[in-house]
Amino acid sequence: MKYWKNRLGVKLAVTITLILIPMLLASFLWFEYRAETMVKNEQEVRGAQVAESLVATLSSIMLSGNANIAHFWLKRVASVPGVESAKIFRTDGVEAFQDRATLDQVNSYIGKQQFVRATVEQPGKISAELLAPFNMASKGKANIRHSKDNEHLNYMSPIRAEGACMGCHGYDSNPIRGVLVLGLTTGSYQVTASEIKRDMINVLILIIALFGLTIWLVVRRKILIPLETITKVAANIRQGDLSNSIELNRDDELGLVASTFDLLVHDLKQKILHEADQRKCQEAITDAVISLGREAAGVPLLKHIGELSM
Ligand code: HEC
């Protein structure tokens with residue numbers, strides 16, 4: 001309770017802490033923004049790497065003459081944890097490896113019924129939501145689309161036709177053979193990001209609390225306690241006690257006040273001692289006059305003594 005009486009320290013600590021809070025908050029928001037962009041970039045790089053490696057694998061499957069197993073392979077890719085969907089679309093936005101269109105085209109181009117696939121399904125189309133980035137990818141520019149809730153990421157990677165592809169796909173002069181649309185979940189990154197955020201808030205609260213406490217302690221030690229001592233000594237002087245001195249032994253402003261105060265007390269003591277001496281002297285002279293006797297002391301002598309005691 002006694003500490004709280006030192007309101008100057010509390011006031012200073014609270015003021016500085018209040019100034020500090022918006023500053024730390026601003027830096028926290030900045031860090032948060034940076035962390036978010038870093039996490040996002042990391043996701044994008046990861047998506048790009050996975051998509052590129054899948055495109056390379058597809059090309060190898062194609063060139064090895066196993067085009068008819070490509071759809072099995074895609075299904076397997078889609079079942080990998082973290083992968084939401086893995087689909088290949090033709091440049092017109094129709095899903096590949098579902099109907100017979102390309103199989104028939106390739107077979108008629110190579111002039112034999114080399115490729116057959118057991119399952120034939122009605123092909124899907126690229127969703128309207130992804131159409132704009134898909135169109136860019138089908139022109140050769142890889143593209144990324146984050147879902148609105150930031151929990152999914154769709155990476156669109158163009159599949160380019162090389163010279164070797166033309167052995168089977170020579171009927172199509174488009175340099176882009178198709179587009180891989182890879183859907184990845186980013187949930188785990190979100191969890192990491194929110195954990196980082198929570199840790200940062202905790203650290204921030206700790207920093208503010210420690211800072212406030214440090215300011216309060218420093219103000220108390222460096223300013224309030226010396227001020228208390230000075231006040232105490234001044235109060236003692238008021239009651240006539242000149243035995244105390246402050247002796248702060250510091251070079252700063254408070255040290256100056258304290259040493260000036262000590263000097264003042266010293267001077268006061270000297271003055272009081274000097275006055276006491278004078279009073280003693282007067283008393284001695286008065287005693288001497290009385291003992292000389294009235295008749296022996298003439299008027300001129302009394303006058304002279306009177307002048308001396310002044
Ligand atoms: C030996 C023949 C052959 C070669 C060489 C070949 N492909 Fe294919 N490709 C096919 C067949 C057959 C299909 C259709 C498979 C199906 O529908 O199941 C196909 C389908 C595709 C598809 C799906 C899109 C569509 O048009 O239906 C892409 C993309 C593709 N190939 C890319 C390539 C690329 C890139 C290369 C060269 C690196 C290549 N292919 C080389 C036979 C071949």
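That block above? That's the structure.
Here's a quick rundown of the structure.

So, how was this worked out
- Residues numbered from 1 in each chain as written.
- Predicted model: local features only at pLDDT ≥ 70, side-chain atom pairs only at ≥ 80, totals over all residues.
- Pairing = 2+ DSSP bridges.
- Helix = DSSP H or I, 4+ residues; strand = E, 2+ residues; numbered from the N terminus.
- Axes fitted to C-alpha atoms, helices over the stretch in contact; angles between N-to-C directions.
- Contact = placed C-beta atoms within 7 Å.
- Near = placed C-beta within 6 Å.
- Nonpolar A, V, L, I, M, F, W, Y, C, P; charged D, E, K, R; others polar.
- Buried ≥ 20, exposed ≤ 12 C-beta atoms within 10 Å, placed from the backbone.

**Observations regarding the sheet that holds strand S3 (residues 152-160)**
Reading across the sheet, the four strands line up as S1-S4-S3-S2 and stay open at both edges, with antiparallel pairing between neighbours. Looking at the sheet topology across the chains shown, the edges are occupied by strand S1 (83-89) and strand S2 (143-146). Taken pair by pair, the neighbouring strands of this sheet meet at an average axis angle of 15 degrees, ignoring direction. Sheet topology places S2 next to S3; four bridges connect them, and they run antiparallel. Note that in S3 the partner of His-146 across the bridge is Leu-153. On top of the sheet, helix H2 (residues 7-63) reaches S1, S2, S3 and strand S4 (176-185); it is set at about 35 degrees to S3, its chief contact.

**Structural notes on the site of the ligand**
In the vicinity of the ligand, 27 residues are found, and the nearest of them are Ala-67, Thr-102, Cys-165, Cys-168 and Gly-178. Of all the elements in the fold, those that place two or more residues in the shell around the ligand are H2, helix H3 (70-78), helix H4 (101-110), helix H6 (166-169) and S4. Its residues placed into classes, the shell around the ligand shows 15 nonpolar, eight polar and four charged.

**Things to note about the pairing of S4**
Here S4 lies mainly inside the structure; seven of its 10 residues are buried. As paired elements, S1 and S4 share six bridges and run antiparallel to each other. By the bridge assignment for S4, Val-83 is matched with Leu-184. Summarising the sheet, S3 and S4 pair through nine bridges and their orientation is antiparallel. Bridged to Tyr-155 within S4 is Leu-182.

That's the geometry; what it means functionally is another story.
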